[in-house]
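# Tertiary structure, described
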Amino acid sequence: AQSVTQLGSHVSVSEGALVLLRCNYSSSVPPYLFWYVQYPNQGLQLLLKYTTGATLVKGINGFEAEFKKSETSFHLTKPSAHMSDAAEYFCAVISPSGGYNKLIFGAGTRLAVHP
Amino acid sequence: KAGVTQTPRYLIKTRGQQVTLSCSPISGHRSVSWYQQTPGQGLQFLFEYFSETQRNKGNFPGRFSGRQFSNSRSEMNVSTLELGDSALYLCASSQGLATSSYNEQFFGPGTRLTVL
């Protein structure tokens, strides 16, 4: 069965510091991978996705992620944190065998950004 | 283009009651998926509807059901509510044109259900 593990339920960084949110997946076949962001009292917004092709994926708001098959990882990074990045971030996977519209989510990482 | 809308945004019910939540997808989208979000279990897939047919389902009891109308609007119903059903229920729409490729999902703001 598909699963997604996000290391660290809470991450705190200073404004301007590097943001690194970790995601590992388990899959017997190459999955599709996603990062979503959720602001308080809102739904999920897609930050970026990896389906095929280039393993370094750039998303919105300056975020990027790299698919590393050998490490089964898809970590999210941003060079310089901004106060507005404070939110909860979810890594998710789709397994083609499970249905292309069935997202399997990690537990989430709450990012705090302090001045 | 209007986004995914969900109504109502907030609901309070008591144990044993039933509830119906509504989701209107983005115009032209034919697939609607439902997710439950709780602090303990996180985000879990409930089911997906495409062209009025359930195409995929998660691991939830039969108290959770859904349907989709010809205009692609979807409703989900929870009968005999339990305290553990308190959650944010999110729906997501996509074009859902093919079952053999990925279709980007767009999420609504959710309905927050509180069961007392």
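See above for the structure.
The notes below deal with the structure included here. Quantities reported herein were computed from a predicted structural model and do not represent experimental measurements.

The rules behind these values
- Residues numbered from 1 in each chain as written.
- Chains lettered and ligands numbered in written order.
- Predicted model: local features only at pLDDT ≥ 70, side-chain atom pairs only at ≥ 80, totals over all residues.
- Heavy atoms only, no water.
- Helix = DSSP H or I, 4+ residues; strand = E, 2+ residues; numbered from the N terminus.
- Contact = heavy atoms within 4.5 Å.
- Buried < 20%, exposed > 50% of the residue type's maximum accessible area, 1.4 Å probe, protein only.
- Pairing = 2+ DSSP bridges.
- Salt bridge = Lys/Arg side-chain N within 4 Å of Asp/Glu carboxyl O.
- Polar contact = N/O pair within 3.5 Å; in protein donor to acceptor, adjacent residues only side chain to side chain.
- Phe/Tyr/Trp six-rings, centres within 6.5 Å; stacked < 30°, edge-to-face > 60°.
- Disulfide = S-S within 2.5 Å.

Summarising the element assignment, B:Tyr10 is placed in strand β2 (residues 10-13). Counting along the chain gives 11 residues from B:Tyr10 to B:Leu21, while the straight-line C-alpha distance between them is 10.0 Å. The contacts of B:Tyr10, once residues within four sequence positions are left out, are A:Asn41 and B:Arg112.

Residues and elements named next belong to chain A. Within strand β8 (residues 73-78), five of the six residues are buried, leaving the element largely enclosed by the surrounding structure. One ladder, built from four bridges, connects strand β3 (residues 19-26) with β8; its direction is antiparallel. Following the sheet pairing, asparagine 24 is matched in β8 by serine 73. Counting the residues in the hairpin turn of strand β7 (residues 64-68) and β8 gives four residues, including threonine 72, whose phi is positive at 45°.

Attention now moves to the pattern of salt bridges. For the structure shown, the criterion picks out nine salt bridges over all chains. Of the charged contacts in the structure, one is a salt bridge between A:Lys49 and B:Glu104, with a shortest N-O distance of 3.7 Å. Pair noted here: A:Lys49 is in strand β5 (residues 44-50) and B:Glu104 is in the loop between β9 (87-94) and β10 (106-107), and the two residues belong to different chains. You can call A:Lys49 partly exposed: its relative accessible area is 32%. Taking the relative accessible area as the measure of exposure, B:Glu104 reaches 27% and is therefore partly exposed. Residue B:Arg67 pairs with B:Glu75 through a salt bridge whose shortest N-O separation is 3.3 Å. Taking the relative accessible area as the measure of exposure, B:Arg67 reaches 47% and is therefore partly exposed. Here the salt bridges do not stand alone but share partners, grouping B:Arg63, B:Glu82 and B:Asp85 into one network.

Now for the side chain of A:Thr109. Residue and element names in this part refer to chain A. Position of threonine 109 among the secondary structure elements: in strand β11 (residues 109-114). Among the polar contacts made by the side chain of threonine 109, one reaches the side chain of glutamine 6 at a distance of 3.3 Å. In this structure, threonine 109 is in contact with Gln6, Leu7, Gly8, Ser9, Val11, Leu21, Ala87, Glu88 and Tyr89, ignoring residues within four places of it in sequence.

This part covers the packing of aromatic side chains. Each aromatic ring pair is summarised here by two numbers: the centre-to-centre distance and the angle between the ring planes. Applying the stated criterion across every chain yields a total of 13 aromatic pairs over all chains. When the centroid spacing of 5.6 Å and the interplanar angle of 70° are considered together, the rings of B:Tyr35 and B:Phe45 count as edge-to-face. Note that B:Tyr35 is positioned in strand β4 (residues 31-38) and B:Phe45 in strand β5 (residues 42-50), a separation of 10 residues in sequence. For B:Tyr35, a relative accessible area of 0% translates into the label buried. By the ring-pair criterion, three or more aromatic residues cluster together here, those being A:Phe34, A:Tyr36, A:Phe90, A:Phe105, B:Tyr35, B:Phe45 and B:Phe107.

Moving on, we get to the state of the cysteines. All names here are of chain B. Applying the stated criterion across every chain yields a total of two disulfides over all chains. For cysteine 23, the disulfide goes to cysteine 91, at an S-S distance of 1.9 Å. With the S-S bond torsion at 65°, the cross-link from cysteine 23 to cysteine 91 turns out right-handed. Of the two residues, cysteine 23 is situated in strand β3 (residues 19-24) and cysteine 91 in strand β9; the sequence distance between them amounts to 68 residues. We classify cysteine 91 as buried; its relative accessible area is 0%.

So yeah, pure geometry; function would need other evidence.
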